[in-house]
Amino acid sequence: GPPYTTGQMHLGTAWNKTLKDTVIRHTRMKGHDVTDRPGYDMHGLPIETKVEQELGFETKRDIEEFGMENFIEECREFAVRNRENMDEDFQSIGAWMDWDDPYQTVEPEYMESAWWALQRVHERGLVEQGKRSISQCPRCETAIANNEVEYEEIESPSIYVRFPLRDREGSLVIWTTTPWTIPANTFIAVGADLTYQEVEATKDGKTDTLFLAESTVEDALSRGRYEDYEVVDEYAGEELVGWEYDHPLAEEVPEHPSFEGAGEVYTAEYVEADRTGLVHSAPGHGQEDFERGEELGLEPFCPVGGDGVYTEAGGKYADEFVRDANDDIIADLDEKGLLLASETHEHSYGHCWRCDTPIVFLATDQWFIRITEIKDELLDNIDDAEWHPHSAREGRFRNFVEEAPDWNVSRQRYWGIPLPIWVPEDAETYDADDLIVIGTREELAERVDQEIDPASIDLHRPSVDDLTITEGGTTYERVPDVFDVWFDSSVASLGTIG
């Protein structure tokens, strides 16, 4: 791919450019007319993060106080300055390309190509806004793609928690490394084919009735420092479905999920006979939890903002950063007598690729292209195309498409291609028929209420943010997100989908 203009040429971009230059020269020497225009990726979070560092900013609030327009100009200047530096670097290693006319993603020709492609996709009814559980960087305060998540080893809390059953004696025991998600607990998942045991476990002269997967009983009880136990009964996972329990932090989080269907046991394919064999599930956070909750018709509850701080819905923990709240939550569970064991656990965890902040999973409204709806078409296209080497088709790329979820194309940032989507003003919900998706600057100038010259339109924010469209008595306003696409592959894919 093309280099980000975030600094000087480095070994990877030099190697990339050398390979491309070699192929171009060889093709030209064989008598072909060759396009040798270099390209640069000059939008997106990598640029924003570097500019924030230069300006000493730490949060989005700093950008807003500085002024969005001022920040956009800083990003533009930074990107162009580094592109010019990289031009000189590549020329210094002898790369022969059209350095007078580089392909830049900040130029209207590229930005319009993305708008045009998204418009084609919308014409097929594949663009929608919807709630999904996404990887969120709490520092950058935006969704990030899965391939933008880098994994590092971290140490997290490892707690075993008793969830008291409502209509029978005893507690379901869950294990989690994210205590901060317990306020959003909506259901407990079990494996349909797993065997669960009801045990009476003794510690300090007191007996607790606990429910755990058969293969996990001894390990879990030893971690809870129980001295002895007796198996009272056994159940198949399916037999536990419908059992109701009390939310362990109901007093601390008064707005906890208490609607019909919440606080019950359901089966889920993601459950394994590990730790306790019962999985605390919060559709407002976990991706698998969200998908299963959607299948069950359970509304996701997410008391956490984009900055990773609990909102008022977080009750006692409001205004606290989620990971800082772990100790408080563990202490509250312990005080209630619901903490069976508390340890630490080393594991691989996702971090933001640009600022190295651990991600959080949040269920938020985003803009998607419904890849899952046309996956069969995409797989057929793979079969129709000629591949070199052939193995690439049957391996990595086919697997990539088969496993692809709906494509989250929105980013809650500033320096990128504004989504060309206008929606009814003040509408809380809307479907595909309510959207106006603009494809070109000419179309934008024709349809907006303001008088603008197509040739002079700057497609970046905030220039397009205040443009409104009035049609059929309805006023439409642009959605505030940006469209963070890759340089060539994503736009090519959009065109193919269209």
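Residues numbered from 1 in each chain as written. Predicted model: local features only at pLDDT ≥ 70, side-chain atom pairs only at ≥ 80, totals over all residues. Heavy atoms only, no water.

By secondary structure assignment, the location of Glu84 is in helix H4 (residues 68-92). Under the relative-accessibility criterion, Glu84 is labelled partly exposed at 40%. Sequence spacing of Glu84 and Asp328 is 244 residues, and the spatial spacing of their C-alpha atoms is 51 Å. (Helix = DSSP H or I, 4+ residues; strand = E, 2+ residues; numbered from the N terminus. Buried < 20%, exposed > 50% of the residue type's maximum accessible area, 1.4 Å probe, protein only.)

Scanning the model with the defined rule gives 37 salt bridges in all. A salt bridge links Glu77 to Arg81; the shortest N-O distance between them is 2.5 Å. You can see Glu77 and its partner Arg81 sitting in helix H4, four residues apart, about one turn around the helix. Of the residues examined, Glu77 reaches a relative accessible area of 42% and is grouped as partly exposed. With a closest N to O distance of 3.9 Å, Lys131 and Asp365 form a salt bridge. Of this pair, Lys131 sits in strand E3 (residues 127-137) while Asp365 sits in strand E14 (residues 360-369), and the two are 234 residues apart along the sequence. We classify Lys131 as partly exposed; its relative accessible area is 33%. Among the charged side chains, a salt-bridge network with shared partners connects Glu128, Arg132, Arg370, Glu373 and Asp406. (Salt bridge = Lys/Arg side-chain N within 4 Å of Asp/Glu carboxyl O.)

Note on placement: Ala189 falls in strand E7 (residues 187-190). Relative accessible area serves as the criterion here: at 0%, Ala189 is assigned to the buried category. In sequence terms Ala189 and Asp289 are 100 residues apart; their C-alpha atoms lie 8.9 Å from each other.

This brings us to the packing of helix H2 (residues 45-55) against H4. Following both chains from N to C, one finds H2 and H4 inclined at 105 degrees, their axes separated by 10 Å at the closest point. The angle between the axes of H2 and H4 places the two elements in the roughly perpendicular class. Mapping the contact onto sequence places Ile47, Glu48, Lys50, Val51, Glu52, Glu54 and Leu55 in H2 and Phe71, Glu74, Cys75, Phe78, Ala79 and Arg81 in H4. A class-by-class count of the residues in the contact of H2 with H4 yields seven nonpolar, no polar and six charged. (Axes fitted to C-alpha atoms, helices over the stretch in contact; angles between N-to-C directions. Parallel < 35°, antiparallel > 145°, perpendicular 65-115°, else oblique. Contact = heavy atoms within 4.5 Å. Nonpolar A, V, L, I, M, F, W, Y, C, P; charged D, E, K, R; others polar.)

Attention shifts here to helix H9 (residues 375-384). Regarding H9, the residues found buried are Lys375, Leu378, Leu379 and Ile382. Buried residues of H9 fall within an arc of 100 degrees about the axis and therefore sit on the same side. Exposed and oriented more than 90 degrees from the buried face of H9 are Asp376 and Asp384. (Arc of directions from axis to C-beta.)

Val161, Leu172, Trp243, Tyr310, Ile329 and Leu333 are the most contacted members of the largest nonpolar core, which has 44 residues in total. Mapped by element, the contributors of at least two residues to this core are strand E5 (149-164), strand E6 (171-176), E7, strand E9 (206-213), strand E11 (264-267), helix H8 (326-335) and E14. Ranked by residues supplied to this core, first place goes to E7 with four residues. Excluding residues that lie within four positions of it along the chain, Leu172 makes contacts with Val161, Arg162, Phe163, Leu165, Ile188, Phe211, Trp243, Tyr245, Val265 and Leu278. (Core = buried A, V, L, I, M, F, W, Y, C linked by side-chain atoms within 4.5 Å.)

So, about the sheet that holds E7. In a beta sheet, neighbouring strands are held together by backbone hydrogen bonds and run either parallel or antiparallel to one another. Reading across from one edge, E11-E7-E12 is the order of the three strands in this open sheet, with mixed pairing throughout. Of all strands in the sheet, those with a lone pairing partner are E11 and strand E12 (278-281), marking the two edges. For this sheet the average axis-to-axis angle between neighbouring strands, irrespective of direction, equals 35 degrees. Summarising the sheet, E7 and E12 pair through four bridges and their orientation is antiparallel. When the bridges of E12 are listed, Ala189 appears paired with Val279. Packed on one face of the sheet, helix H7 (residues 287-296) meets E7, E11 and E12 and runs near 100 degrees to E7. (Pairing = 2+ DSSP bridges.)

Attention now goes to the sheet that holds strand E4 (residues 142-144). Ordered by their spatial adjacency, four strands build an open sheet running E4-E3-E14-E15, and the pairing between neighbours is antiparallel. On the outer flanks of this sheet lie E4 and strand E15 (407-408), each paired with one strand and no other.

This part is about the packing of aromatic side chains. For any two aromatic rings, the description comes down to two numbers: the centre-to-centre distance and the angle of the planes. Taken as a whole and assessed by the stated rule, the structure comprises 16 aromatic pairs. For the ring pair Phe397 and Phe400, a centre distance of 6.0 Å and an interplane angle of 45 degrees mean the geometry is tilted. Highlighted residues: Phe397 and Phe400, both in helix H10 (residues 390-402), separated by three residues, approximately one helical turn. The ring of Tyr40 has Lys17 sitting right over it, with the charged end atom 5.6 Å from the ring centre. (Phe/Tyr/Trp six-rings, centres within 6.5 Å; stacked < 30°, edge-to-face > 60°. Lys NZ or Arg CZ within 6 Å of the ring centre and 35° of its normal.)

What follows deals with a negative patch on the surface. Taken together, the side chains of Glu169, Glu200, Asp204, Glu227, Asp228 and Glu230 make up a negatively charged region of the molecular surface. Within the secondary structure, Glu230 is located in strand E10 (residues 228-236). A relative accessible area of 52% places Glu230 in the exposed class. (Patch = residues over 30% accessible without salt bridge, like charges linked within 9 Å, V, L, I, M, F, W, Y side chains within 5 Å. Areas by Shrake-Rupley, 256 points an atom, 1.4 Å probe, with all protein chains shown as cover. Lys, Arg positive; Asp, Glu negative; His and termini not counted. Charge placed at Lys NZ, Arg CZ, Asp CG, Glu CD.)

Considered as a void within the structure, the second largest pocket measures approximately 1,000 Å³ in volume. Looking at the second largest pocket, it is lined by 32 residues, and the ones nearest its centre are Thr176, Thr177, Thr178, Glu288 and Asp289. For the lining of the second largest pocket, the secondary structure elements donating two or more residues are E5, E6, E12, H7 and strand E13 (339-352). Across the lining of the second largest pocket, the residue classes tally to ten nonpolar, 15 polar and seven charged. (1 Å grid on protein atoms, 1.4 Å probe; cavity = no way out; pocket = protein on both sides within 12 Å on 5 of 7 lines; lining within 4 Å. Points joined across faces, edges and corners; volume = space filled by probe spheres on them.)

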